[in-house]
Amino acid sequence: MILRYTKFFIALITDGPYNKDMDIEKFYQSVIEDLIKGKRPHLELSIEQIDAIKDELEKRSKKNELEPILCILDNSRTLSYKFYPGLLKILKNSNDPELLVMCLGASRKHIIECRHKDGHRMEIDFLNTLKSLLKFDHYEVKEWTLRLIESLGSQGIFLKDDVLSIKPKLTMFNEHKKMTKELIELLEKRWTPRSCLLYT
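Structure report, in brief. None of these values were measured; they are calculated from a predicted model.

## So, the overall build of the chain
Within the chain, the secondary structure is distributed over eleven helices and zero strands. Taken from the N to the C terminus, the helices and strands of the chain come in the order α-α-α-α-α-α-α-α-α-α-α. Across the chain, the fraction of contacts at a sequence separation of at least 24, relative to all contacts at a separation of at least 6, is 69%. Entry remark: accessible area of the chain is about 11,000 Å², with carbon and sulfur atoms responsible for 53%.

Have a look at this one:
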């Protein structure tokens with residue numbers, strides 16, 4: 001994920017900066033500078049900044065417009081469920097594997113971690129979106145979708161049949177396919193009734 005953001009920053013230098021809101025540009029440059037130095041950024045966002053980023057997330061549609069925002073959200077220590085509509089829109093509508101992977105990373109923080117922190121269950125619309133992404137024809141997207149399902153806790157069993165149905169057989173030469181299989185096997189063990197384990 002860090003390499004992905006760094007590559008995008010180099011592309012911005014080559015192609016020229018996109019005319020973004022100053023706060024978003026400032027945060028994004030700060031994140032990239034830390035990543036290039038090998039430091040893990042930890043951004044703190046104010047209520048005003050959250051609202052401004054939320055509005056831009058929902059307004060923008062192009063990949064080069066969305067990537068800086070997703071980078072900021074993935075590296076923010078401040079969690080906010082306000083980003084849910086914008087993140088869900090990308091997960092539902094994008095066909096770009098790279099953008100989906102970045103959005104899944106941000107969603108794990110600002111949707112799943114946020115709901116766990118607040119003590120709320122996930123929305124059915126979000127679970128159904130993860131269900132659809134399991135069928136996406138790209139193993140890095142499948143891998144990241146499974147990472148989110150693994151972090152759902154008890155609600156993950158809602159997707160049990162869909163998860164087990166995509167278990168790959170041959171995983172050589174594809175690290176994301178291999179990780180997909182390992183995550184499915186981890187979830188499979190979690191979902192196996194303890195009574196059944198006694199007889200295996």
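## Digging into the pattern of salt bridges
The tally for this structure, following the rule as stated, stands at 15 salt bridges. Lysine 54 is paired through a salt bridge with aspartate 55; the nearest N and O atoms lie 4.0 Å apart. Taking relative accessible area as the criterion, lysine 54 reaches 22% and is therefore assigned partly exposed. Residue aspartate 55 is classed as partly exposed on the basis of its relative accessible area, which comes to 43%. Linking glutamate 123 and arginine 115 is a salt bridge whose minimum nitrogen-to-oxygen distance equals 3.4 Å.

## Examining the side chain of glutamine 49
Mapping glutamine 49 onto the fold places it in helix α3 (residues 47-59). Exposure remark for glutamine 49: the relative accessible area of 16% places this residue in the buried category. With sequence-adjacent residues up to four places away left out, glutamine 49 is seen in contact with Asp23, Phe27 and Glu44.

## Considerations on the nonpolar core
Of all hydrophobic cores here, the largest spans 52 residues; its most connected members are Leu57, Leu70, Leu87, Phe126, Ile149, Leu152 and Val163. Residue assignment for this core shows that the elements contributing at least two residues are α2 (22-36), α3, α4 (63-74), α5 (84-93), α6 (97-118), α7 (124-133), α8 (139-150) and α10 (175-191). For this core, the leading source of residues is α6, giving nine residues. For leucine 152, the residues in contact, after removing those within four places along its chain, are Ile112, His116, Met122, Phe126, Leu127, Leu130 and Leu159.

## Quick word on the side chain of glutamine 155
Looking at the element boundaries, glutamine 155 is found in the loop between α8 and α9 (160-165). Apart from the residues within four sequence positions on either side, glutamine 155 is in contact with Arg121, Met122 and Leu127.

## Focus on the packing of aromatic side chains
Aromatic rings in a pair are described by how distant their centres are and how their planes are angled relative to each other. All told, the structure shown has two aromatic pairs when counted by the stated rule. Taking 4.9 Å as the distance between ring centres and 15° as the angle between the ring planes, the aromatic pair formed by tyrosine 81 and tyrosine 84 counts as stacked. Each ring, one from tyrosine 84 and one from phenylalanine 126, has its centre 6.5 Å from the other, and the planes form 65°; the classification is edge-to-face. One end of the pair, tyrosine 84, is in helix α5; the other, phenylalanine 126, is in helix α7, with 42 residues separating them in the sequence. Exposure class is identical for tyrosine 84 and phenylalanine 126. Each is buried.

## Describing the environment of lysine 167
For lysine 167, the position within the fold is in the loop between α9 and α10. On the basis of relative accessible area, lysine 167 is assigned to the partly exposed category, the value being 32%. As a C-alpha pair, lysine 167 and leucine 183 span 16 residues in sequence and 9.4 Å in three-dimensional space. For lysine 167, the contacting residues outside a window of four places in its chain are Lys181, Ile184, Glu185 and Glu188. Here glutamate 188 takes part through its side chain, which lies 3.2 Å from a polar atom of the side chain of lysine 167.

## A closer look at α4
A rise of 1.5 Å per residue sets the reference length of α4, with its twelve residues, at 16 Å; its end C-alpha atoms lie 16 Å apart and thus fit the reference within 8%. Within α4, ten of the twelve residues are buried, which leaves the element mostly enclosed by the surrounding structure.

Conventions used here
- Residues numbered from 1 in each chain as written.
- Predicted model: local features only at pLDDT ≥ 70, side-chain atom pairs only at ≥ 80, totals over all residues.
- Heavy atoms only, no water.
- Helix = DSSP H or I, 4+ residues; strand = E, 2+ residues; numbered from the N terminus.
- Contact = heavy atoms within 4.5 Å.
- Areas by Shrake-Rupley, 256 points an atom, 1.4 Å probe, with all protein chains shown as cover.
- Salt bridge = Lys/Arg side-chain N within 4 Å of Asp/Glu carboxyl O.
- Buried < 20%, exposed > 50% of the residue type's maximum accessible area, 1.4 Å probe, protein only.
- Core = buried A, V, L, I, M, F, W, Y, C linked by side-chain atoms within 4.5 Å.
- Phe/Tyr/Trp six-rings, centres within 6.5 Å; stacked < 30°, edge-to-face > 60°.
- Polar contact = N/O pair within 3.5 Å; in protein donor to acceptor, adjacent residues only side chain to side chain.
- Expected span 1.5 Å × (residues − 1).

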